[in-house]
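# A structural walkthrough
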Amino acid sequence: MQQVLIIGDSQTHTVGKVLQNLLRGKGDTVTRIPLSGYSTSKLFTYAKDKISPDQYQLVYIFAGGNDYKPTPALVMSFANFFKNAKVVWVGPPPATRISDLSKARKVFGSKVSGPDYWIKTGLFDKRNKTNEVYKKAIAQTDAFYADPRSLLPDFPSQPDGIHVQGESAMKIAEKLQDYPPGFPLIPLAIAAFVLKRLLT
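From a predicted model like this one, the values you see are computed outputs, not experimental measurements.

## Description of the overall build of the chain
For the chain, the helix and strand inventory stands at nine helices and five strands. Reading the secondary structure of the chain in the N-to-C direction produces β-α-β-α-β-α-β-α-α-α-β-α-α-α. Whereas a compact globule of 200 residues would reach a radius of gyration of roughly 16 Å, the chain reaches 17 Å, a difference of no more than 12%. Considering only C-alpha atoms, the chain reaches an extent of 65 × 35 × 30 Å along its principal axes. The buried share of the chain, reckoned over its 200 residues, is 48%. Residue pairs at least 24 apart in sequence account for 76% of intrachain contacts in the chain once pairs closer than 6 positions are excluded. Accessible area of the chain: about 10,000 Å², with a carbon and sulfur share of 54%.

Printed below as a string of structure tokens:
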């Protein structure tokens, strides 16, 4: 059993909730903090003000979808904040074709002009770029990057085109619960101690 933190933007309401249930089913103690609309900067500020980083062995950060522009240095600092935990950074899912226009307008307003709204506004391309930038940033830390585009190839259309729901949320959460596959959960402080003993 381990202490797990799931924190992030609105995807923490959907995929994060499914992930929470899966991890609790394994016996983990899970704290989930969904902060809809929060950018990476606001999430990191919240974490520094409200969270004790040493109390968790596993941390999932859902972030990037609300960033006006990529902030790789901030992403690295945020991931490194949890020094003794395995950190999985979950990037923004792709903006998809809208499958339920009325639902999308209920969430985002009348500006949503049609099923291809997110593609036409450039959000699809913007999120792809964010994933590529943040993937490179996380590669310079001890954290792991989970790209929803890789977790769910041929990403299906979502009801509002932004929030991952239903079967898609379940499939992503199932892959996240043991991400990356085959990686043993050893807090970095313990791993460093073991490595030091082996080398002396």
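There is more to say after this.
## Section: the pairing of strand β2 (residues 29-34)
As paired strands, strand β1 (residues 3-8) and β2 are joined by six bridges and run parallel to one another. Each residue of the ladder has a partner; that of G8, found in β2, is P34. Handedness of the β1-helix α1 (residues 11-25)-β2 crossover: right-handed.

## A closer look at the confidence of the model for the chain
Low pLDDT means the predicted atomic positions in that stretch should not be read closely. Across the chain, the average pLDDT comes to 90, with 90% of residues at or above 70. Segment residues 185-198 is flagged for pLDDT under 50; beyond a separation of four residues in sequence, or across chains, it makes 11 contacts in the model.

## Quick word on unusual backbone geometry
In this structure, P180 follows Y179 across a cis peptide bond, with omega equal to -10°. Within the secondary structure layout, P180 lies in the loop between α8 (166-176) and α9 (188-199).

## Things to note about helix α6 (residues 123-138)
If you check α6, its first and last C-alpha atoms are 22 Å apart, about what 16 residues at 1.5 Å a residue would give, namely 22 Å. Turning to α6, its buried residues are L123, R127, N128, T130, N131, Y134, A137 and I138.

## Observations regarding the pattern of salt bridges
For the structure shown, the criterion picks out seven salt bridges. One salt bridge in this structure joins D147 and K135, with 3.1 Å as the shortest N-O distance. Linking D147 in the loop between β5 (144-146) and α7 (148-151) with K135 in helix α6, this pair joins segments that are 12 residues apart in sequence. Judged by relative accessible area, D147 falls into the buried class, the value being 4%. The class of K135 is partly exposed, set by a relative accessible area of 31%. Across the pair E167 and K171 runs a salt bridge whose closest N-O atoms are separated by 3.3 Å. Within this pair, E167 and its partner K171 are both found in helix α8, separated by four residues, close to a single helical turn.

## Quick look at the packing of helix α2 (residues 40-50) against helix α3 (residues 72-81)
Two numbers describe how α2 lies on α3: the axes approach to 10 Å, and their chain directions differ by 30°. Accordingly, the angle class assigned to the pair α2 and α3 is roughly parallel. In this structure, the crossing between α2 and α3 has a hand that is left-handed. Across from T40, S41, L43, F44, A47 and K48 in α2, the residues of α3 making contact are L74, V75, S77, F78 and F81.

## Some remarks on the sheet that holds β5
With parallel pairing, five strands are arranged side by side in an open sheet as β2-β1-β3-β4-β5. The sheet is open, and its two borders are formed by β2 and β5, each paired with just one other strand. The mean angle between the axes of side-by-side strands here comes to 15°, regardless of whether they run parallel or antiparallel. In this fold α1 packs onto β1, β2 and β3 (58-62), with an angle of close to 175° to the strand it touches most, β2. Most of the contacts of α6 go to β5, to which it runs at about 160°, and overall it touches β4 (86-90) and β5.

Reading the values: rules and limits
Counting starts from 1 at the beginning of each chain's written sequence and moves along it residue by residue. With the structure being a predicted model, the display of local features is reserved for residues of pLDDT at least 70 and the display and counting of side-chain atom pairs for 80 or more, all residues being used for whole-chain, interface and lining totals. Note that water and hydrogens are dropped before the side-chain values are worked out from all heavy atoms of the structure. By definition, any uninterrupted DSSP run of H or I lasting at least four residues is a helix, any uninterrupted run of E lasting at least two residues is a strand, and each is numbered from the N terminus. The size measure is the radius of gyration over C-alpha atoms, and the globule rule it meets is 2.2 Å times the number of residues to the 0.38 power. Any residue under 20% of the maximum accessible area for its type is buried, any over 50% is exposed, and the rest in between are partly exposed; the area is computed with a 1.4 Å probe on protein chains only. For this analysis, residues touch if any pair of their heavy atoms sits within 4.5 Å. Note on areas: Shrake-Rupley, 1.4 Å probe, and residue coverage restricted to the protein chains presented here. Strands were regarded as paired on the criterion that DSSP finds at least two bridges between them. Look down the strands so they point away from you; if the path from the first strand over the helix to the second goes clockwise, the crossover is right-handed. Per-residue confidence from the prediction method is given by pLDDT, with values spanning 0 to 100. Between the first and last residue of a helix there are one fewer steps than residues, each counted as 1.5 Å, and that sum is the expected span. Put simply, a salt bridge is a Lys or Arg side-chain nitrogen that is within 4 Å of an Asp or Glu carboxyl oxygen. Here, axes are lines fitted to C-alpha atoms. For helices the fit covers the stretch in contact, and angles between N-to-C directions go from 0 to 180 degrees. What sets the label is the angle itself: under 35 degrees gives roughly parallel, over 145 gives roughly antiparallel, 65 to 115 gives roughly perpendicular, and the rest give oblique. Two helices crossing with the near one rotated counterclockwise from the far one by less than a right angle form a left-handed crossing, whereas a clockwise rotation gives a right-handed crossing.

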